[in-house]
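Secondary and tertiary structure notes
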Amino acid sequence: MKNSDRGGFIYFDEKAYEILKNYLLNQIDSPKNTFILVDEKTHKYCIPILISHIDFLKESNLIQIQSGEKEKNIHTCIQICKKLEKFKATRKSLILNLGGGVITDIGGFVASIFKRGIRFVNIPTTLLGMVDASVGYKTGVNLDSIKNEIGSFYIPEFLIVDTRFLKTLPEKEILSGMAEMFKHGLIADKDFWIHMNQIKNINNINQWDHLIRHSILIKQKIVDKDPKEKGLRKILNFGHTIGHALESYFMNTEKEVLHGIAVIMGIICESWISYKINGLSIYDYKNIKSTLSGLYPMQKKIYDLSDSEIEKILMIMEYDKKNEKNKIQFSLLKEIGKCSYNCGVPLSLIKESFWK
Ligand SMILES: NC(=O)c1ccc[n+]([C@@H]2O[C@H](COP(=O)([O-])OP(=O)(O)OC[C@H]3O[C@@H](n4cnc5c(N)ncnc54)[C@H](O)[C@@H]3O)[C@@H](O)[C@H]2O)c1
Ligand SMILES: [Zn+2]
């Protein structure tokens, strides 16, 4: 599958390792010039799988950061740059990002700025990383609690998708990744949404390869039509205007809210707004709400927001970079499988959607 005219091919499973191995042998002068970025969990669970396929990578330099969204900041990038410097990275070095969306976002961003840009490869090890974070050339870090405020568009050499990494991924992380798959169906592919609705048991994820591939394809097609998010690509933000604000808000509290879980809540609220002002039928709204709240019961706990908490979340949204002309801009569903973008929504309706 081709990801872009300028690189960024997507490869799957065994074939992917063969291609990566040949690339490293032919394009990188020494294994020492490859820098593998991991966190402590991907170090433990994913490095052995990678090395079992490409053994000379055990001679490469490992850069480990602590796992977690809180680490996705500019200070971590500086630490990584210092490690690259210490290990004598050159403009011909390669960063191999082995991890979830946090690793691929940070590693891609560092690759885009270190020595004005070096090459990188993404090997996502979470479901969310596979179907979303590592597809579409966006890299970046958070600025305090503002999500992805600093970043760049930067194209990897490859994206390697091996769903065997998912075996060690906790259930809550699988649910988080599934949120983006549901979103892909809702915004662009009704049949895919119907297929996703048929998943009853998330433990047999090894049987979902076709769904994961299809989900990647949906995102890739949208990105290819509008790589820099001038228009159509904004539909991928469905569920994210509210979702990101919730995520930013909870980042400063004791509650752990994963990206995908915040997005599920965002999808439910934004489906309500879609019903109110964008022509989504009440039938579709109810279908979305009942499907998602059945699979994600934990959202009820987080939904227990006080008035003052909702005010704070609305304030975060007002700072969101997607705002234009003093209106909060949303991507909203017209029907399941069709989405509009640049829809201005009044604060009162956003507030109302939290109570539905
Ligand atoms: N760039 C983009 O277009 C884009 C799109 C969507 C999301 N994102 C970003 O992605 C991030 C979320 O990504 P995520 O959900 O993958 O989170 P994550 O990277 O924090 O990974 C989740 C957890 O799983 C662990 N983990 C990773 N792989 C594992 C494995 N195979 N086995 C066991 N544990 C493993 C990690 O250590 C971490 O604790 C957010 O920062 C979000 O903003 C970026
Ligand atoms: Zn997302």
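Note that the coordinates shown come from a computational prediction; the quantities given were computed from them, not determined experimentally.

So, on to the packing of helix α7 (residues 171-188) against helix α12 (residues 282-295). In the contact formed by α7 and α12, the axes pass within 12 Å of each other and the chain directions differ by 165°. Taken together, the axes of α7 and α12 lie roughly antiparallel to each other. Relative to α12, α7 is oriented so that their crossing is right-handed. Across the interface between the two elements, L175, M178, F182 and L186 of α7 pack against I288, T291, L292 and L295 of α12. The residue makeup of the contact of α7 with α12, split by class, is 7 nonpolar, 1 polar and no charged.

The next thing to look at is the site of ligand 1. As a matter of local geometry, ligand 1 sits amid 26 residues, with D39, E69, T126, K147 and T168 nearest to it. Between ligand 1 and K138 there is a distance of 2.9 Å, counted from a nitrogen atom to a backbone nitrogen or oxygen. One nitrogen or oxygen atom from the side chain of K147 is found 2.7 Å from an oxygen atom belonging to ligand 1. Starting from 870 Å² of accessible surface for ligand 1 in isolation, the protein chains cover 92%. When residues of the shell around ligand 1 are traced back to their parent elements, those giving at least two are α2 (40-45), α5 (101-113), α6 (127-133) and β7 (146-153). Taken together, the residues of the shell around ligand 1 break down into 7 nonpolar, 9 polar and 10 charged. The residues that make up the shell around ligand 1 include at least three from each of domain 1 (9-168) and domain 2 (172-354).

Let us look at the coordination of the zinc ion (ligand 2). Protein coordination at the zinc ion (ligand 2): the donors are E180 (OE), H240 (NE2) and H259 (NE2), at 2.0 to 2.1 Å from the metal. When the donors of the zinc ion (ligand 2) are listed by position in the chain, the intervening gaps give E-x59-H-x18-H. In this pair, H240 sits in helix α10 (residues 240-251) while H259 sits in helix α11 (residues 259-277), placing the two residues 19 residues apart along the sequence.

What follows deals with empty space enclosed by the protein. One way to see where empty space is left: roll a probe the size of a water molecule over the atoms. Scanning all chains against the criterion turns up 2 cavities of 30 Å³ or more. As a volume, the largest cavity reaches approximately 50 Å³. What lines the largest cavity is simply T104, F120, N122, A133, S134, Y137, K138, T139, Y154 and P156. If you list the elements that add at least two residues to the lining of the largest cavity, you get β5 (119-124) and β6 (138-143). In this structure, the second largest cavity spans a volume of roughly 30 Å³. Along its surface, the second largest cavity is lined by F35, I36, L37, I63, I80, L84 and I95. Among the elements of the structure, β2 (34-39) and α4 (74-86) are those that each provide at least two residues to the lining of the second largest cavity. When residues of the lining of the second largest cavity are assigned to their parent elements, the largest contribution, 3 residues, is made by β2.

Accessible area lost when the parts come together is the quantity often used to give the size of an interface. What the domain assignment lists for the protein is domain 1 (9-168) and domain 2 (172-354). For domain 1 and domain 2, the distance between their C-alpha centres works out to 26 Å. On the domain 2 side, the residues contacting the 24 residues of domain 1 number 31 residues. For the domain 1 and domain 2 pair, buried surface summed over both sides reaches about 2500 Å², with 63% attributable to carbon and sulfur atoms. Contact with domain 2 buries surface across domain 1, with L127, V131 and K147 losing the most and accounting together for 24% of the total. The interface formed by domain 1 and domain 2 contains 4 salt bridges. The interface formed by domain 1 and domain 2 includes 8 residue pairs in polar contact (both at pLDDT 80 or more). Listed by contribution, the elements that provide at least two residues to the side of domain 1 that touches domain 2 are β1 (9-12), α6, β6 and β7. Per-element accounting of the side of domain 1 that touches domain 2 gives the leading share, 5 residues, to α6. When its residues are assigned to classes, the side of domain 1 that touches domain 2 shows 11 nonpolar, 5 polar and 8 charged.

Bringing unusual backbone geometry into the picture now. Positive phi, normally seen in glycine, also occurs at D13, with a value near 55°. Of note, D13 is situated in helix α1 (residues 13-27).

Okay, helix α15 (residues 347-354) next. Of the positions making up α15, those classed as buried are L349, I350, S353 and F354. Buried residues in α15, looked at end-on, bunch into an arc of 150°, giving them a common side.

Turning next to the pattern of salt bridges. Taken as a whole and judged by the stated rule, the model has 13 salt bridges. With a closest N to O distance of 2.6 Å, K351 and E311 form a salt bridge. Pair noted here: K351 is in helix α15 and E311 is in helix α14 (residues 307-319), with a separation of 40 residues, a long-range link. Given a relative accessible area of 33%, K351 falls into the partly exposed group. Taking relative accessible area as the criterion, E311 reaches 36% and is therefore assigned partly exposed. When the shortest N-O distance is used, the salt bridge between K338 and E335 registers 3.8 Å. The class for K338 is partly exposed, based on a relative accessible area of 45%. Accessibility expressed as a relative area gives 37% for E335, which makes it partly exposed. Linked by salt bridges that have partners in common, E69, K72, D105, K147 and E247 make up one network.

Rules used in this analysis
Residues numbered from 1 in each chain as written. Chains lettered and ligands numbered in written order. Predicted model: local features only at pLDDT ≥ 70, side-chain atom pairs only at ≥ 80, totals over all residues. Heavy atoms only, no water. Axes fitted to C-alpha atoms, helices over the stretch in contact; angles between N-to-C directions. Helix = DSSP H or I, 4+ residues; strand = E, 2+ residues; numbered from the N terminus. Parallel < 35°, antiparallel > 145°, perpendicular 65-115°, else oblique. Left-handed = near helix turned anticlockwise from the far one by under 90°. Contact = heavy atoms within 4.5 Å. Nonpolar A, V, L, I, M, F, W, Y, C, P; charged D, E, K, R; others polar. Near = heavy atom within 4 Å. Polar contact = N/O pair within 3.5 Å; in protein donor to acceptor, adjacent residues only side chain to side chain. Areas by Shrake-Rupley, 256 points an atom, 1.4 Å probe, with all protein chains shown as cover. Domains from an automatic or database assignment. Donors = N, O, S within 2.8 Å, 3.2 Å for Na, K, Ca; no water. 1 Å grid on protein atoms, 1.4 Å probe; cavity = no way out; pocket = protein on both sides within 12 Å on 5 of 7 lines; lining within 4 Å. Points joined across faces, edges and corners; volume = space filled by probe spheres on them. Buried area = accessible area lost by both parts, 1.4 Å probe. Salt bridge = Lys/Arg side-chain N within 4 Å of Asp/Glu carboxyl O. Buried < 20%, exposed > 50% of the residue type's maximum accessible area, 1.4 Å probe, protein only. Arc of directions from axis to C-beta.

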